Amino acid sequence: MPRETSLVTIIGEDSYKKLRSSRCLLVGAGGIGSELLKDIILMEFGEIHIVDLDTIDLSNLNRQFLFRQKDIKQPKSTTAVKAVQHFNNSKLVPYQGNVMDISTFPLHWFEQFDIIFNALDNLAARRYVNKISQFLSLPLIESGTAGFDGYMQPIIPGKTECFECTKKETPKTFPVCTIRSTPSQPIHCIVWAKNFLFNQLFASETSGNEDDNDQDWGTDDAEEIKRIKQETNELYELQKIIISRDASRIPEILNKLFIQDINKLLAIENLWKTRTKPVPLSDSQINTPTKTAQSASNSVGTIQEQISNFINITQKLMDRYPKEQNHIEFDKDDADTLEFVATAANIRSHIFNIPMKSVFDIKQIAGNIIPAIATTNAIVAGASSLISLRVLNLLKYAPTTKYTDLNMAFTAKASNLSQNRYLSNPKLAPPNKNCPVCSKVCRGVIKLSSDCLNKMKLSDFVVLIREKYSYPQDISLLDASNQRLLFDYDFEDLNDRTLSEINLGNGSIILFSDEEGDTMIRKAIELFLDVDDELPCNTCSLPDVEVPLIKANNSPSKNEEEEKNEKGADVVATTNSHGKDGIVILDDDEGEITIDAEPINGSKKRPVDTEISEAPSNKRTKLVNEPTNSDIVELD
Amino acid sequence: MERYDRQLRLWGALGQDSLNRSRVCVVGPATPLLQEVFKNLVLAGISSLTWLKVECAVQSGSLFLAELKKDLEPLASKQLEYEENDLRKTLQQPQYDWTRFSVVILTCIGEQTAMLDLNEIRRQRGTKFPPVLNTFVSGFYGYIYLVLSETHFVLQAHPDSKKYDLRLQNPWPELINYVDTFDLSKMDIATFSGIPYTVLLMKCIAKLERDGNNGRITIDQMKKVLDQICLPLGNDVIYEPNYVEAKRYAYLACSQNDCCKELEDLLRNLEISDYGNDWHDTYNYEILTLLLTLKNIAKENGELSFQPLTGTLPDMESTTENYIRLKKLYEVKAKLDKSRVEESLARSKKKVSQDVLETFCSHYGEVRKILPPKSDLLGIFSTSNALLDALVMVQFWEQPAVTAEDKDEFIGLRVDDNYSVMAFFGGAVVQEAIKLITHHYVPIDNLFLYNGINNSSATYKI
């Protein structure tokens with residue numbers, strides 16, 4: 001029985017034709033990716049492009065069913081495509097690469113797709129694809145799992161919440177001083193061993209100074225900061241021992257890390273007024289060789305075992321070091337590096353009276369390991385592929401009239417299943433008006449030929465944009481990818497440079513803002529530079545986006561709810577220092593738009609306001625998100 | 001074990017070992033659901049599979065596994081034991097060994113007689129029959145129905161918010177001595193800031209008791225007393241992190257007992273008569289044995305109840321020294337409690353595997369009990385749930401309609417099977433099987449319904 005018949009009865013002849021002619025992009029061929037690939041192949045999408053950077057690892061095999069033992073170290077994308085050939089009826093195109101690599105995957109490459117499925121494992125790539133989906137108005141189905149928990153969220157640009165409309169948890173950070181001087185939990189010692197000690201010994205350059213200008217020391221104690229800096233320099237000495245490959249000198253490393261440095265810490269008395277003092281190792285502990293017990297990965301062992309394990313593993317890494325071009329990265333699946341971090345962390349824990357941890361536990365903490373199982377991935381991938389039929393409006397008997405009628409899905413914690421909740425299915429929310437990614441600014445794509453990039457002067461570029469969208473004279477232009485100010489009323493140093501000279505290029509995103517209006521201002525616009533060599537010379541085509549006038553924030557807002565939403569979510573462009581090279585560095589919080597509470601002296605700052613209340617929000621977002629010169633399938 | 005590293009973190013080595021040793025029987029025709037179930041079982045580490053086949057004239061839907069055994073083998077970490085039999089013939093063998101299976105999964109059974117026969121066999125075997133997960137999918141809808149034959153005990157429920165077993169209201173003598181070593185009237189704020197918040201809370205409770213409060217403690221009372229004993233040190237005390245924690249966790253002192261009330265009820269309702277000899281699953285037998293042992297210990301000592309201290313202490317603001325001393329106290333007491341359990345077991349000549357004993361004692365508050373349903377496999381035929389009714393109708397009495405038009409309340413129920421919904425159910429039903437086999441996490445009790453049009457779902461008890 002031919003397979004198509006089944007599907008045709010589900011969605012009907014017309015929809016089936018549409019499905020067969022549509023192209024989708026699957027980002028990630030890992031846990032959810034394997035399941036999704038199978039599901040969308042069996043749903044018979046016409047064309048499926050698969051991007052994945054990774055290669056296959058043994059610990060993938062408990063869920064990524066397309067991969068076999070023999071495939072370990074092979075690229076995921078191409079292996080997955082080979083594995084599905086026998087049941088495949090779609091055109092499959094694999095890529096081994098990073099989806100965020102603009103040279104391999106320029107913006108116009110994404111334009112060919114009708115829908116994107118995210119099956120990613122990291123926040124940065126999720127944010128990136130979300131942004132792409134917003135710039136191109138491409139529907140995106142976002143998903144993720146952790147153990148028994150999973151979620152699936154369709155994102156229809158302009159119509160429903162985007163990935164950034166709600167705050168996402170970011171990785172926890174610790175003050176330098178907790179890690180370097182006053183650890184109190186196992187994680188502090190693990191971070192010390194992995195991010196600091198391991199990197200200094202095996203993964204850093206042999207010279208150079210730690211850039212400490214922007215460090216969060218977590219202390220104002222000058223004596224302590226001085227000590228931390230000095231300690232860093234001394235670590236270069238330790239690295240020399242590694243380079244010497246002289247195993248007999250390993251006790252020197254132990255002596256330095258676990259006796260001398262601890263004694264120096266003890267000398268800073270005010271650190272220990274309310275804390276228990278650490279107890280350094282003794283010389284005899286370091287110099288008394290013990291037989292290394294090959295302990296199981298889930299037991300802890302004694303301090304003496306930890307020390308001898310440390311000596312052995314350091315020797316092993318020492319031997320590997322020159323063979324690997326003097327650079328070994330920590331990798332949770334590289335048993336040697338894990339062992340080093342585990343023993344070093346445990347010795348430090350012992351010194352600071354912190355419980356030691358097993359290698360198994362340390363692996364989870366150091367490797368940021370998220371539990372993963374096939375069943376949750378199957379559930380989430382099933383829900384994702386299913387909803388795509390409704391996002392593309394292919395179900396005649398369940399037509400999608402409003403995208404906010406669609407549902408996302410969260411699997412509840414497994415232990416709650418008996419409490420009448422397997423899955424929660426909130427309806428999609430409209431975009432958050434204060435979302436810096438999808439709602440705070442207008443958005444569009446500038447198509448540029450590379451000759452234009454090399455020829456066009458900044459001043460001409462500014463004029464072009466100003467006139468196209470009717471901005472007033474006083475504007476500011478920002479390189480949004482790194483918060484560089486390129487132009488404003490009292491900063492015109494770069495005017496005569498060309499776009500490429502000021503480091504704008506393919507993938508740059510610029511933010512153009514009205515700095516003039518008092519009560520009403522032109523909404524800011526974010527423009528993506530899509531440089532395409534196939535374009536004819538001298539192309540610089542600006543998108544047809546309607547940029548509305550909005551109320552400036554100095555006029556009182558009448559809408560209470562709006563006011564409430566505004567708190568702490570404003571985009572603030574703050575200049576605080578003019579660099580020597582004529583480029584101004586703005587407040588930078590890990591590349592994200594900063595939320596700044598206090599005005600900085602001499603700075604020019606005005607939050608971009610929420611939209612004007614008389615313009616209905618739906619209408620506005622619709623206008624914003626429809627770049628007319630792209631061949632995007634109409635969603636409505 | 002490296003292969004299972006990511007899932008070991010959910011159910012531990014013991015759970016994974018149970019999976020690796022378990023045998024699962026899957027019953028039904030060759031459907032996408034069946035292959036999804038097989039795939040997910042083998043990925044989880046199950047290495048013995050039996051397929052009781054139902055021959056089907058038309059193959060429904062698309063399959064990616066061409067030959068089940070050959071295609072499943074590479075997914076397993078060790079040699080896959082695989083067996084195929086005809087369901088009809090198997091049901092007619094009175095000697096067929098059903099007890100060797102850890103779980104039986106029924107997928108898309110369309111014949112009512114097969115269901116009746118299996119139900120009869122199950123009835124005859126009494127409690128000695130594996131849990132049955134019956135699942136069916138039609139169009140965008142489906143159900144999973146769990147039928148237990150014996151009481152299922154969950155060893156570790158892994159609740160969302162971990163409740164620590166602190167014994168604030170009934171501290172043991174060593175803990176009381178420890179609390180008494182801190183004299184708040186004779187210390188400065190710097191010393192105060194190094195005291196764990198649980199000590200502060202215990203001091204509050206002690207004061208309330210001294211002041212003649214014998215009833216239930218309220219949060220307001222706690223907060224008031226906390227200020228009474230802390231503020232004399234100076235007003236700045238309110239900025240100390242341990243004071244802030246004490247305020248935040250004051251509610252811990254208000255619950256009747258540190259350990260869950262649920263557990264007390266469970267224990268109270270447990271009778272020796274529950275203790276049959278016919279246990280299908282040794283874990284259930286062992287967990288029950290341990291629970292009854294706790295009852296015995298309480299009885300022997302004339303105590304109301306005995307609950308082994310789990311012995312884990314949450315992270316808290318404190319000097320390392322104070323924290324380590326407190327932690328040691330909890331560890332020592334937990335060890336002692338465990339040895340009391342071991343001794344009592346030995347006296348009554350009962351044996352329980354060491355791993356189960358360890359997990360039981362260190363996660364005592366997470367034990368759960370799920371009773372077999374009053375109804376049986378046929379329970380699905382007599383419910384008032386409209387969706388289940390409609391699904392059962394399609395399952396046993398109707399041919400799927402060819403048209404996509406739908407007139408009744410469940411849009412897209414009578415269309416051909418949708419692969420995505422099958423994949424969803426393949427994941428969900430195996431997830432339940434894993435919970436049953438590992439005795440980690442609470443399984444569905446006992447009916448789960450899903451609507452793929454809007455992702456809604458519900459669980460009911462029938």
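Residues numbered from 1 in each chain as written. Chains lettered and ligands numbered in written order. Predicted model: local features only at pLDDT ≥ 70, side-chain atom pairs only at ≥ 80, totals over all residues. Heavy atoms only, no water.

**A word on the overall build of chain B**
Helix and strand content of chain B: 16 helices and 10 strands. With respect to the principal axes defined by its C-alpha atoms, chain B has extents near 85 × 55 × 45 Å. Relative to its full complement of 462 residues, chain B shows a buried share of 58%. Counting contacts in chain B only where the partners sit at least 6 residues apart, residues at least 24 apart contribute 75% of the total. Accessible area for chain B stands at about 19,300 Å²; split by element, carbon and sulfur atoms hold 51% of it. (Helix = DSSP H or I, 4+ residues; strand = E, 2+ residues; numbered from the N terminus. Buried < 20%, exposed > 50% of the residue type's maximum accessible area, 1.4 Å probe, protein only. Contact = heavy atoms within 4.5 Å. Areas by Shrake-Rupley, 256 points an atom, 1.4 Å probe, with all protein chains shown as cover.)

**Observations regarding the sheet that holds strand S5 (residues 132–138) of chain B**
Residues and elements named next belong to chain B. Taken together, 8 strands build an open sheet; the order of strands is S3-S2-S1-S4-S5-S6-S9-S10 and the sheet is mixed. Every interior strand has two partners, whereas the edge strands, strand S3 (81–86) and strand S10 (456–460), have only one. Across the sheet, the axes of successive neighbouring strands diverge by a mean angle of 15°, strand direction being ignored. As judged from the 4 bridges shared by strand S1 (residues 23–28) and strand S4 (residues 103–107), these two strands associate in the parallel manner. (Pairing = 2+ DSSP bridges. Axes fitted to C-alpha atoms, helices over the stretch in contact; angles between N-to-C directions.)

**Considering the packing of aromatic side chains**
Each aromatic ring pair is described using two quantities: the centre-to-centre distance and the angle formed by the ring planes. Residues and elements named next belong to chain A. On inspection of all chains with the given rule, the structure shows 40 aromatic pairs over all chains. Relative to Phe528, the ring of Phe135 has its centre 5.3 Å away and its plane inclined at 70°; by these criteria the two rings are edge-to-face. Taken together, the residues span a long stretch of sequence, with Phe135 in helix H6 (residues 123–136) and Phe528 in strand S14 (residues 525–531) at a distance of 393 residues. For the residue pair Phe135 and Phe528, the accessibility class agrees, reading buried in each case. Through pairs of rings, three or more aromatic residues link up here, namely Trp192, Phe196, Phe198, Phe202, Phe258, Phe310, Tyr321, Phe330 and Phe340. (Phe/Tyr/Trp six-rings, centres within 6.5 Å; stacked < 30°, edge-to-face > 60°.)

**Remarks on the packing of helix H8 (residues 197–210) of chain B against helix H9 (residues 219–230) of chain B**
If you want to describe how two helices pack, look at the angle between their axes and the distance between the axes. Residues and elements named next belong to chain B. At a closest axis distance of 9 Å, the pairing of H8 and H9 adopts a crossing angle of 100°. Considered as vectors, H8 and H9 are oriented roughly perpendicular to each other. Mapping the contact onto sequence places Leu200, Leu201, Lys203, Cys204, Ile205, Lys207 and Leu208 in H8 and Gln221, Met222, Val225, Leu226, Gln228 and Ile229 in H9. When the residues that make up the contact of H8 with H9 are grouped by side-chain class, the tally is 9 nonpolar, 2 polar and 2 charged. (Parallel < 35°, antiparallel > 145°, perpendicular 65-115°, else oblique. Nonpolar A, V, L, I, M, F, W, Y, C, P; charged D, E, K, R; others polar.)

**Concerning the pairing of strand S2 (residues 47–52) of chain A**
Residue and element names in this part refer to chain A. With 6 of 6 residues buried, S2 is to be regarded as a mostly interior element. Burial along S2 is two-sided: Glu47, His49 and Val51 and Ile48, Ile50 and Asp52, pointing in opposite directions, are all buried. Sheet topology note: the strand S1 (residues 23–27)/S2 ladder contains 5 bridges and is parallel. From the neighbouring strand, Leu26 faces S2, where its bridge partner is Ile50. Crossover connection from S1 via helix H3 (residues 31–42) to parallel S2: handedness right-handed. You can see the chain leave S2, run along helix H4 (residues 76–83) and come back into strand S3 (residues 91–96), and the turn it takes is right-handed. (Right-handed = clockwise from strand over helix to strand, strands pointing away.)

**Quick notes on the domain arrangement of chain B**
Each assigned domain of chain B is listed here: domain 1 (4–149 + 372–460), domain 2 (171–256) and domain 3 (258–369). Placing the centre of domain 1 of chain B and that of domain 2 of chain B at their C-alpha centroids yields a distance of 53 Å. (Domains from an automatic or database assignment.)

**Concerning the sheet that holds strand S6 (residues 149–155) of chain A**
Taking strand neighbours across the sheet as the criterion, the 8 strands line up as S3-S2-S1-S4-S5-S6-S7-S8 (chain A) in an open arrangement whose pairing is mixed. Each edge of the open sheet carries a strand with a single partner, namely S3 and strand S8 (423–424) of chain A.

**Overview of the interface of chain A and chain B**
Across the contact, 69 residues belong to chain A and 70 residues belong to chain B. Approximately 6,000 Å² of surface area, both sides summed, lies buried where chain A meets chain B, with 60% of it carried by carbon and sulfur atoms. Remark: the boundary between chain A and chain B carries 3 salt bridges. Our count for the contact surface shared by chain A and chain B stands at 16 residue pairs in polar contact (both at pLDDT 80 or more). Sorting the residues of the side of chain A that touches chain B by element identifies helix H1 (4–11), H3, helix H14 (359–366) and helix H15 (374–391) of chain A as the ones contributing at least two each. Element by element, the count of residues in the side of chain A that touches chain B is highest for H15 of chain A, at 12 residues. Each residue belonging to the side of chain A that touches chain B can be placed in one class, and the counts come to 34 nonpolar, 23 polar and 12 charged. (Buried area = accessible area lost by both parts, 1.4 Å probe. Salt bridge = Lys/Arg side-chain N within 4 Å of Asp/Glu carboxyl O. Polar contact = N/O pair within 3.5 Å; in protein donor to acceptor, adjacent residues only side chain to side chain.)

**Quick word on helix H6 (residues 173–180) of chain B**
Residues three or four positions apart in an α-helix share a direction because the helix packs 3.6 residues into each turn. Residues and elements named next belong to chain B. Along H6, the residues that are buried comprise Leu175, Tyr178 and Val179. Relative to the axis of H6, the buried residues are bounded by an arc of 100° and lie together on one face. Along H6, the residues that are exposed and aim more than 90 degrees away from the buried face are Pro173, Asn177 and Asp180. The elements touched by buried residues of H6 are H8 and helix H13 (320–347). (Arc of directions from axis to C-beta.)

**Remarks on unusual backbone geometry**
Residue Asn446 of chain B follows Asp445 of chain B across a cis peptide bond; omega there is -5°. Relative to the assigned elements, Asn446 of chain B resides in the loop between helix H16 (419–438) and strand S9 (447–451). Located in the positive-phi region is Lys73 of chain A, a residue other than glycine, with phi close to 80°. Summarising the element assignment, Lys73 of chain A is placed in the loop between S2 and H4. The exposed category is assigned to Lys73 of chain A, whose relative accessible area is 63%.

**Points about the pattern of salt bridges**
Evaluated as defined, the whole model comprises 52 salt bridges over all chains. Between Lys264 of chain A and Asp261 of chain A there is a salt bridge, with its nearest N and O atoms 3.9 Å apart. Of this pair, Lys264 of chain A and Asp261 of chain A both sit in helix H10 (residues 250–267), 3 residues apart, roughly one helical turn. Among the residues examined, Lys264 of chain A registers a relative accessible area of 28% and is labelled partly exposed. Accessibility expressed as a relative area gives 5% for Asp261 of chain A, which makes it buried. Its salt-bridge partner being Arg21 of chain B, residue Asp17 of chain B comes within 3.2 Å of it at the nearest N-O pair. On the criterion of helical spacing, the pair formed by Asp17 of chain B and Arg21 of chain B is a turn pair, its members being 4 residues apart in helix H1 (residues 5–21).

**A few points about the confidence of the model for chain B**
All names here are of chain B. Averaged over chain B, the pLDDT score is 88; the fraction of residues at 70 or greater is 93%. Taken element by element, chain B is modelled with least confidence in helix H11 (residues 261–268), mean pLDDT 75, and with most confidence in S4, mean pLDDT 97. Low pLDDT, under 50, characterises residues 401–406; the predicted model gives this stretch 12 contacts beyond four residues in sequence or across chains. Listed scores for the predicted complex are pTM 0.81 and ipTM 0.91. (pLDDT = per-residue confidence, 0-100.)

**Quick notes on a nonpolar patch on the surface**
On the surface, Leu231, Ile238 and Tyr239 of chain B cluster together into a nonpolar patch covering about 300 Å² of accessible area. A relative accessible area of 31% means that Leu231 of chain B is categorised as partly exposed. (Patch = residues over 30% accessible without salt bridge, like charges linked within 9 Å, V, L, I, M, F, W, Y side chains within 5 Å.)

**Points about the side chain of Ser143 of chain A**
All names here are of chain A. Checked against the element boundaries, Ser143 lands in strand S5 (residues 140–146). Within polar-contact distance, the side chain of Ser143 engages the backbone oxygen of Asn118 at 2.8 Å. Among all residues touching Ser143, those that are not within four sequence positions of it are Ile32, Asn118, Ala119, Arg126, Tyr151, Met152, Val380 and Ser384.

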